[in-house]
Amino acid sequence: TINNSNTGTSAVTACDSYTWDGLAYTTSGAYTNTYTNASGCDSVHTLNLTINNSNTGSSSVTACDSYTWDGQAYTTSGAHTNTYTNVAGCDSVHTLNLTINNSTTSTSTQTSCDTYTWNGTTYTTSGSYSYTTTNSNGCDSTATLSLTINNSNTGSSSVTACDSYTW
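Each chain has its residues counted from 1, following the order in which its sequence is written. Under the rules for a predicted model, residues below a pLDDT of 70 receive no local features and side-chain atom pairs below 80 are neither given nor counted, while totals for whole chains, interfaces and linings still include all residues. Water and hydrogen atoms play no part in the side-chain values, which are based on all heavy atoms of the structure.

Undergrad: Whenever I open this one, the state of the cysteines confuses me. Can you help?
TA: A pair of sulfur atoms, both from cysteines and within 2.5 Å, is called a disulfide here. All told, the structure shown has two disulfides when counted by the stated rule. For C15, the disulfide goes to C90, at an S-S distance of 2.1 Å. Residues C15 and C90 are joined through a disulfide that is left-handed, its torsion about the S-S bond being -95°. Note that C15 is positioned in strand β1 (residues 6-15) and C90 in the loop between β9 (78-85) and β10 (91-101), a separation of 75 residues in sequence. Summary of the burial criterion: residues with accessible area below 20% of their type's maximum are buried, those above 50% are exposed, and those between are partly exposed, where the area comes from a 1.4 Å probe applied to protein chains only. Residue classification places C15 among the partly exposed residues on the basis of a relative accessible area of 33%. Here C64 pairs with C139 through a disulfide, and the sulfurs are 2.2 Å apart. With the S-S bond torsion at -95°, the cross-link from C64 to C139 turns out left-handed. Taken as a pair, C64 in strand β6 (residues 55-64) and C139 in the loop between β14 (127-134) and β15 (140-150) lie far apart in primary sequence, 75 residues in all. Looking at C64, the relative accessible area reads 34%, which means it is partly exposed. If the cysteines joined by disulfides in the protein are listed in sequence order, their pairing comes out as 1-3, 2-4. The helix and strand labels rest on DSSP assignments: H or I over at least four residues marks a helix, E over at least two residues marks a strand, and numbering proceeds from the N terminus.

Pasting the structure below:
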């Protein structure tokens, strides 16, 4: 009785690592294991393994008030992570190191007679006025002036008096 050995092959593609018969493989290659078949003869199996690697990346961004990344608006500083699929079908993890600087606002209420000069502009009517500049973080700084202008009154009178007149 002649019992025959047999052979077989498998092709596997995996991300980062692949475990075969209890061993973890992290590099592409051809790996062979020998087993005993049902006839008691050698059974040689070859694994043609392709390992595709995941990748990581990061970027740093500074924004005023909020930042939108992949459709998500972020309003706080911190590290934010998104996972994508790279061209090899493996994970691609990207970390966004985000710094959010805030805009500033202030309000001032003033009452003046006839005119009021604010930030280089002279106002003659009551109203609400805004002035925008850049704060120390590089973001908008908006100051609002709530102004009331009271107008001075002038008048004249004609008086005729003899000897003296007290006014």
